[in-house]
Amino acid sequence: MMVAMRIAIAGGTGTVGRRTVTAAQEAGHETVVLSRSHGVDLATGKGLVAALRGADAVIDVTSIATLNGARAVEFFTATAKHLLAAAESAGVGHVVVLSIVGIDRVPHDYYAGKLAQEGVVAASASPWTILRATQFHEFAAQMFDRAKAGPLHLAPVARVQPVAAQEVAERLVALAAGSPQGRVTDLAGPQEERLSEMVRAFARATGHRGWIPALRVPTRQMRGMRAGGVLPGPDADRGRQTFSEWIAQL
Ligand SMILES: NC(=O)c1ccc[n+]([C@@H]2O[C@H](COP(=O)([O-])OP(=O)(O)OC[C@H]3O[C@@H](n4cnc5c(N)ncnc54)[C@H](OP(=O)(O)O)[C@@H]3O)[C@@H](O)[C@H]2O)c1
């Protein structure tokens, strides 16, 4: 029988965070959202201990929109330290963190921040679980919005195996409801896709008619992604929904 819990979701207004809040509520749990728009800042710790009081578990799906390695390391180190310290003072028994497949093969730029976050969590005394997932289908939308040169949208070239953010959200809730497990099996999508084609398909599906040139982004992270560094290994769990199925239901 499922035991209803109080689950805090840091980043609960974001792409996977919103879905995590809904998935937790649909599973019968009570939720509390930790984000700046809800008066809680993980980068400074403001409001954190008070918001975590009474929570049984906390899921961290915060993010920063940066490609700069130093900024990413600073953000993910500070947010992880503040979250773990606050979880300990508030007596939260389980910290669940979402990370990304392949960050140790491509430890650069944004992924340097994710690796630093994992390091802080793994070294902490708090009971923890880390799930690594591949890029979301929704990554196509995030890239469409963020990869731009002036008004021109760009389609970065990379090899990815995207998974539905909804399925990642459901997995995070199931993990939070269980015991702390350390690193768990990675979660990937059902098949490999080309990121540039995903961005173009998203653009077409949402009514964009302009030319979207492919771009080989000259950063170490994107070079690693072109080389297949963030594709899942053979042991990863595979999600159900394909990218085309996701596009078809937009
Ligand atoms: N996107 C992907 O394809 C993908 C794939 C695998 C794993 N991940 C991981 O999943 C996590 C979530 O990614 P996402 O794409 O869903 O993020 P997102 O849509 O960019 O949302 C980021 C969330 O973080 C919150 N946030 C940002 N700064 C904060 C701060 N200082 N204090 C409190 N909350 C803060 C934001 O809310 P406010 O602005 O209100 O503060 C928002 O709720 C990240 O750790 C990412 O590395 C992402």
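Residues numbered from 1 in each chain as written. Predicted model: local features only at pLDDT ≥ 70, side-chain atom pairs only at ≥ 80, totals over all residues. Heavy atoms only, no water.

Glancing now at the site of the ligand. The environment of the ligand is made up of 28 residues, and the closest members are T13, R36, Y110, K114 and Q142. One of the side-chain nitrogen or oxygen atoms of T15 is found 2.8 Å away from an oxygen atom of the ligand. In this structure, a nitrogen atom belonging to the ligand sits 2.8 Å away from a side-chain N or O atom of D41. Contact with the protein chains removes 90% of the 900 Å² of surface that the ligand exposes when unbound. (Near = heavy atom within 4 Å. Polar contact = N/O pair within 3.5 Å; in protein donor to acceptor, adjacent residues only side chain to side chain. Areas by Shrake-Rupley, 256 points an atom, 1.4 Å probe, with all protein chains shown as cover.)

Glancing now at the pairing of strand 1 (residues 6-10). Taken across its five residues, strand 1 has four buried, putting it largely inside the fold. For the segment spanning strand 1, helix 1 (residues 15-26) and strand 2 (residues 30-34), crossover handedness is right-handed. (Buried < 20%, exposed > 50% of the residue type's maximum accessible area, 1.4 Å probe, protein only. Helix = DSSP H or I, 4+ residues; strand = E, 2+ residues; numbered from the N terminus. Right-handed = clockwise from strand over helix to strand, strands pointing away.)

This brings us to unusual backbone geometry. Here D109, not a glycine, exhibits a phi torsion of approximately 55 degrees, which is positive. Along the polypeptide, D109 turns up in the loop between strand 4 (95-100) and helix 4 (110-122).

With 12 residues, helix 1 ought to run about 16 Å at 1.5 Å a step, and its terminal C-alpha atoms sit 17 Å apart, in line with that. V16, G17, T20, V21, A23 and A24 are the residues of helix 1 that are buried. Check the buried side of helix 1 and you find it contacts strand 1, strand 2, strand 3 (57-60), strand 4 and helix 6 (165-177). (Expected span 1.5 Å × (residues − 1). Contact = heavy atoms within 4.5 Å.)

Glancing now at the pattern of salt bridges. Proximity of charged atoms lets side chains of opposite charge pair with each other. One pass over the structure, following the stated rule, counts nine salt bridges. A salt bridge links E30 to R6; the nearest nitrogen and oxygen atoms lie 2.3 Å apart. Here the residue E30 occupies a position in strand 2, and R6 occupies one in strand 1, the gap between them amounting to 24 residues. Its salt-bridge partner being E192, residue R159 comes within 2.7 Å of it at the nearest N-O pair. (Salt bridge = Lys/Arg side-chain N within 4 Å of Asp/Glu carboxyl O.)

Relative to the helices and strands, R71 resides in helix 3 (residues 69-90). Taking C-alpha positions, R71 is 8.7 Å from D109, a pair spaced 38 residues apart along the chain. Leave out the neighbours within four places in its chain, and R71 touches I64 and T66.

At a minimum axis separation of 8 Å, helix 1 and helix 6 run at an interaxial angle of 50 degrees. The angle between the axes of helix 1 and helix 6 places the two elements in the oblique class. When you trace helix 1 past helix 6, the crossing you get is right-handed. In this structure, helix 1 contributes V16, R19, T20, A23 and A24 to the contact, and helix 6 contributes A165, Q166, V168, A169, E170, L172 and V173. For the contact of helix 1 with helix 6, a count of residues per class yields eight nonpolar, two polar and two charged. (Axes fitted to C-alpha atoms, helices over the stretch in contact; angles between N-to-C directions. Parallel < 35°, antiparallel > 145°, perpendicular 65-115°, else oblique. Left-handed = near helix turned anticlockwise from the far one by under 90°. Nonpolar A, V, L, I, M, F, W, Y, C, P; charged D, E, K, R; others polar.)

With that out of the way, let us pick up the packing of aromatic side chains. Each aromatic ring pair is described using two quantities: the centre-to-centre distance and the angle formed by the ring planes. For the coordinates displayed, the defined rule picks out six aromatic pairs. Aromatic pair F76 and Y110: ring centres 5.5 Å apart, planes at 85 degrees, arrangement edge-to-face. A residue pair is termed long-range when its members are at least 10 positions apart, and F76 in helix 3 and Y110 in helix 4 qualify at 34 residues. Taking relative accessible area as the criterion, Y110 reaches 14% and is therefore assigned buried. In this structure an aromatic cluster arises from ring pairing among F75, F76, Y110 and Y111. (Phe/Tyr/Trp six-rings, centres within 6.5 Å; stacked < 30°, edge-to-face > 60°.)

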